[in-house]
There are 2 protein chains.
Amino acid sequence: MVSEVIEDMLKRMQSHPGVIGSVIINKEGQVIKSTLDNTTSLQYASLATRVCDSSVDALRNIDPTNDLTFLRVRSKKHEILIAPDKEFVMVTIRTTTDGA
Amino acid sequence: MVSEVIEDMLKRMQSHPGVIGSVIINKEGQVIKSTLDNTTSLQYASLATRVCDSSVDALRNIDPTNDLTFLRVRSKKHEILIAPDKEFVMVTIRTTTDGA
């Protein structure tokens, strides 16, 4: 059952235009499923976990009842979309689009 | 000269729909200019600096030639747009819009 949910998530993530790769990680930052090679998957898992953790922490410093729902990290080379869910964190890497 | 540039930045940031407040900080995380009260400005300066630093660091772990250009931190209560520039970091807090 869980693996079907994950397969479906990955398909949905990959279906967006410009997607280079998608990684699904658990709340401990471990790679559950990925369309990328192992080394690259681990790098993006580590990035997503670090940026999520620092964002959640900083948000809660301001308002303990608040919570992170989505993160977009845009860089010179690509854009990383990070969507934390109850159990998983979905990480999508895609080419940068125009809109901010 | 610099203060005119900053005033202009702040005006542009404030002109976007749904903007709750805007803070301009320097690369050390100090508040240069803000439309918010002092305590709130310091809180968002701290958040922006922490999330920027962890993002830049994580991005460079993957590719040392890459660099952060924009960050969007969406939470249950609002959305924070962080635009690092050469000298300053522009932080805009606004109500969450529909589009991701």
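Here the structure is shown first, and the text comes after it.
Residues numbered from 1 in each chain as written. Chains lettered and ligands numbered in written order. Predicted model: local features only at pLDDT ≥ 70, side-chain atom pairs only at ≥ 80, totals over all residues. Heavy atoms only, no water.

Comments concerning the pairing of strand E4 (residues 79-84) of chain A
All names here are of chain A.
- Buried residues dominate E4, accounting for five of its six residues.
- Examined bridge by bridge, strand E3 (residues 68-75) and E4 share four bridges and lie antiparallel to one another. Its bridge partner lying in E4, arginine 74 is registered against glutamate 79.
- Counted between consecutive antiparallel strands, the loop separating E3 from E4 contains three residues.
- The pairing of E4 with strand E5 (residues 88-94) spans six bridges and is classified as antiparallel. Residue pairing in the sheet places alanine 83 in a bridge with methionine 90 of E5. (Buried < 20%, exposed > 50% of the residue type's maximum accessible area, 1.4 Å probe, protein only. Helix = DSSP H or I, 4+ residues; strand = E, 2+ residues; numbered from the N terminus. Pairing = 2+ DSSP bridges.)

Quick word on the relation of the copies chain B and chain A
- Rotating chain B by 180° and moving it 0.0 Å along the rotation axis overlays it on chain A with an RMSD of 0.0 Å. Such a combination of rotation and displacement between the chain copies is what one expects of a two-fold axis. When C-alpha positions in chain B are compared against the rotation axis, the closest is assigned to arginine 72 of chain B, at 2.5 Å.
- Both copies contact each other with a shared surface, as 100% of the interface residues of chain B are interface residues in chain A too. (Least-squares fit on C-alpha atoms with pLDDT ≥ 70 in both. Contact = heavy atoms within 4.5 Å.)

Things to note about the interface of chain B and chain A
- On the chain A side, the residues contacting the 29 residues of chain B number 29 residues.
- Summing both sides of the interface, chain B and chain A together bury roughly 2,700 Å²; the carbon and sulfur share of this comes to 56%.
- By the criterion of area lost to chain A, the three top residues of chain B are Arg50, Ile62 and Arg72 of chain B, representing 21% of everything that side buries.
- Inspection of the chain B/chain A interface yields four salt bridges. (Buried area = accessible area lost by both parts, 1.4 Å probe. Salt bridge = Lys/Arg side-chain N within 4 Å of Asp/Glu carboxyl O.)

A few points about the pattern of salt bridges
Residue and element names in this part refer to chain A.
- Across all of its chains, the model carries 18 salt bridges over all chains by this definition.
- Between lysine 33 and glutamate 7 there is a salt bridge, with the nearest N and O atoms lying 2.9 Å from each other. Taken together, the positions of lysine 33 in strand E2 (residues 31-34) and glutamate 7 in helix H1 (residues 2-14) put the pair 26 residues apart, joining distant regions of the chain.
- By relative accessible area, lysine 33 is classed as partly exposed at 31%.
- The exposure class of glutamate 7 is partly exposed, given its relative accessible area of 34%.

It is worth stressing that arrangement in space is one thing and function is another; only the former is reported here.
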